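Commentary on secondary and tertiary structure
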Amino acid sequence: PSFRLLFLQLDLPKADLTVKVTGHQWYWSYEYPDNGAFSFDSLMVAEADLKPGQPRLLAVDNDVVVPVNKVVRIQVTAADVIHSFALPSFGVKIDALPGRLNESWFQATKEGIYYGQCSELCGKDHAFMPIAIRVVSEEEFASWVETAKQEFAGAAVP
Ligand SMILES: [Cu+2]
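So, a few notes on the structure that sits alongside this text. Sequence positions are assigned chain by chain, starting from 1 and proceeding in written order. It should be noted that, the model being predicted, local features are given only for residues of pLDDT at least 70 and side-chain atom pairs only at 80 or more, the latter also being counted only at that level, while totals for whole chains, interfaces and linings use all residues. Heavy atoms throughout the structure, all of them, feed into the side-chain values; hydrogens and water do not.

1. Regarding the sheet that holds strand 8 (residues 102–106)
One open sheet holds the five strands; their spatial order is 3-2-1-5-8, and the pairing between them is mixed. A single partner strand is all that each edge strand has here, and the edge strands are strand 3 (39–42) and strand 8. Pairwise comparison of adjacent strand axes, ignoring direction, gives a mean angle of 25 degrees for this sheet. As paired elements, strand 5 (residues 72–78) and strand 8 share five bridges and run antiparallel to each other. Bridged to arginine 73 within strand 8 is tryptophan 105. By the convention used here, strands pair only if DSSP detects at least 2 bridges between them. Numbering of helices and strands starts at the N terminus; helices are DSSP runs of H or I of at least 4 residues and strands are runs of E of at least 2. As a rule, the C-alpha atoms of each element are fitted with a line to give its axis, helices using only the stretch in contact, and angles between N-to-C directions run from 0 to 180 degrees.

Right under this line is the structure:
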């Protein structure tokens, strides 16, 4: 039975939304090709700058925002060395390889913030390039997209 599940895990359902994830030394960048193709970098918040409620080593300046109950396809690659995109709450762990576009997916069934970390030793700040995914309602997502389009307009596409 495990082989069947392993196979099904790699069988991608039809996606409602694609987010392209690129690993860098030492941060992640995200692109939203279905929503105007804006992109942004997501960097860890330093311990001294944490706001109340933000977890140490996991909080970032720009969360990845996705709508609840939607199938989100993630396309994962890397710009320099190998990283790995790991999100325990969604059972996602996939290598980010330079020169290759890997795919995985998740469907969050509850709103909230979900954290992950780089899972491939990638140099000095390997431990300090977290992933933060904020799952919101569809309306909230739509209004975030509008803001993000402006906020991240002209940001260099990785
Ligand atoms: Cu890394």
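Now, onward.
2. Considering a nonpolar patch on the surface
Patch criteria: residues need more than 30% relative accessible area and no salt bridge. Like-charged residues are merged within 9 Å; nonpolar side chains of Val, Leu, Ile, Met, Phe, Trp and Tyr are merged within 5 Å. Residue exposure ignores everything except the shown protein chains as possible cover, and the areas themselves are Shrake-Rupley values with a 1.4 Å probe. Each reported salt bridge corresponds to a side-chain nitrogen of Lys or Arg within 4 Å of a carboxyl oxygen of Asp or Glu. A surface patch of nonpolar side chains, about 320 Å² in accessible area, is lined by Leu5, Phe7 and Leu8. With respect to the helices and strands, the residue leucine 5 is situated in helix 1 (residues 2–9). Here leucine 5 falls in the exposed class, since its relative accessible area comes to 56%. Burial here depends on accessible area, computed with a 1.4 Å probe over protein chains only, as a share of the maximum for the residue type. Under 20% is buried, over 50% is exposed, and the range in between is partly exposed.

3. Description of the coordination of the copper ion
All of the protein donors around the copper ion are His83 (ND1), Cys118 (SG), Cys122 (SG) and Met129 (SD); their distances to the metal are 2.0 to 2.6 Å. Because no water is among the atoms considered, metal sites can look incomplete, with donors defined as N, O and S atoms within 2.8 Å of the metal, or 3.2 Å for Na, K and Ca. Just to be clear on the cut-offs, tetrahedral is four donors with all angles between 85 and 135 degrees, square planar is four donors and octahedral six with opposite donors over 155 degrees apart and all others between 65 and 115, and anything else goes down as irregular. For the copper ion, the four donor atoms in the first shell make angles of 94 to 125 degrees at the metal, a pattern classed as tetrahedral. Donor residues for the copper ion, ordered by position in the chain, follow H-x34-C-x3-C-x6-M. With a gap of 39 residues between them, histidine 83 in strand 6 (residues 83–87) and cysteine 122 in the loop between strand 9 (112–118) and strand 10 (131–136) connect regions that are remote in the sequence. According to the relative accessible area criterion, histidine 83 is buried, its value standing at 0%.

4. Some points on the pairing of strand 1 (residues 17–24)
With respect to burial, strand 1 is a largely interior element, seven of its eight residues being buried. One ladder, built from seven bridges, connects strand 1 with strand 5; its direction is parallel. Within strand 5, the position partnered with leucine 17 by the bridge is valine 72. Looking at chain direction, strand 1 and strand 2 (residues 27–31) are connected through five bridges and run antiparallel. Note that in strand 2 the partner of valine 21 across the bridge is tyrosine 30. Connecting strand 1 to the antiparallel partner strand 2 that follows it, the hairpin turn spans two residues.

5. Remarks on the pairing of strand 9
Regular strands place side chains that alternate from one sheet face to the opposite one. Of the strand pairs in this sheet, strand 6 and strand 9 are connected by two bridges, and their pairing is antiparallel. In the sheet register, phenylalanine 85 faces strand 9, and the bridge partner there is cysteine 118. Across five bridges, strand 9 lies against strand 10 in antiparallel orientation. The residue bridging tyrosine 114 from the neighbouring strand is isoleucine 133, located in strand 10.

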